[in-house]
Amino acid sequence: MLQVNFIRQHVEFVKERLAVKHFSQISLVDELLALDERRRKLQFDNDEKQSRLNTASKEIGNLMREGKKEAAELMKTELASLKASMEDLAEQNALESSIQNILVQIPNLPSIMVPVGRTPEDNVVVRTGGEIPVLPAGSK
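Being a predicted model, the structure only gives us computed values, none of them experimental. (Residues numbered from 1 in each chain as written. Predicted model: local features only at pLDDT ≥ 70, side-chain atom pairs only at ≥ 80, totals over all residues. Heavy atoms only, no water.)

Points about the packing of helix α3 (residues 27–65) against helix α5 (residues 89–103)
Phase 1 of the analysis: Contact geometry of α3 with α5 gives a least axis separation of 10 Å together with a crossing angle of 155 degrees. It follows that α3 is roughly antiparallel to α5 by the angle criterion. Crossing hand, α3 versus α5: left-handed. Along its contact with α3, which presents L28, E31, L32, L35, D36, R38, R39, L42, Q43 and N46, the element α5 presents E91, Q92, L95, E96, S98, I99, I102 and L103.
Phase 2 of the analysis: Each residue belonging to the contact of α3 with α5 can be placed in one class, and the counts come to eight nonpolar, four polar and six charged. (Axes fitted to C-alpha atoms, helices over the stretch in contact; angles between N-to-C directions. Helix = DSSP H or I, 4+ residues; strand = E, 2+ residues; numbered from the N terminus. Parallel < 35°, antiparallel > 145°, perpendicular 65-115°, else oblique. Left-handed = near helix turned anticlockwise from the far one by under 90°. Contact = heavy atoms within 4.5 Å. Nonpolar A, V, L, I, M, F, W, Y, C, P; charged D, E, K, R; others polar.)

This is the structure in structure tokens:
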């Protein structure tokens, strides 16, 4: 199975190789990239908010030690609103599930040595070995 990272870095190559394989749903690649971009943005936002939460929690601890309980309580209410604003993990899980569903629909890429063609006559003989048998006349 292809990795999202590889697809993101080599979009045109992936589309070209899928066309060689005559994959009819090449638009899945664009859909996958859009979902992945959304998932990455959501993850970044959540990580940033979590970082702010961690920093603020340390500050609250310092304020409590210094005896500034009113300031600490004020920061706690701000933290509560920040926690509430963090995106729900359900949306992130749904995005990851959608990405996985698309990935299993995209086939592996054929080698760059695979020629474009639809019939066995379009194939290129790379090498042969041994003696090629000759079938008797009239046999199928």
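And the narrative resumes.
What to know about the pattern of salt bridges
Pairing between side chains becomes possible if they bear opposite charge and their charged atoms approach one another.
Phase 1 of the analysis: Applying the stated rule across the entire model yields 10 salt bridges.
Phase 2 of the analysis: The residue E16 makes a salt bridge to R17 at a minimum N-O spacing of 3.2 Å.
Phase 3 of the analysis: According to the relative accessible area criterion, R17 is buried, its value standing at 5%.
Phase 4 of the analysis: A salt bridge links K41 to D45; the nearest nitrogen and oxygen atoms lie 3.1 Å apart. Here the residue K41 and the residue D45 both occupy positions in helix α3, the gap between them amounting to four residues, near one helical turn. (Salt bridge = Lys/Arg side-chain N within 4 Å of Asp/Glu carboxyl O. Buried < 20%, exposed > 50% of the residue type's maximum accessible area, 1.4 Å probe, protein only.)

Read these as layout, nothing more, since geometry by itself doesn't imply function.
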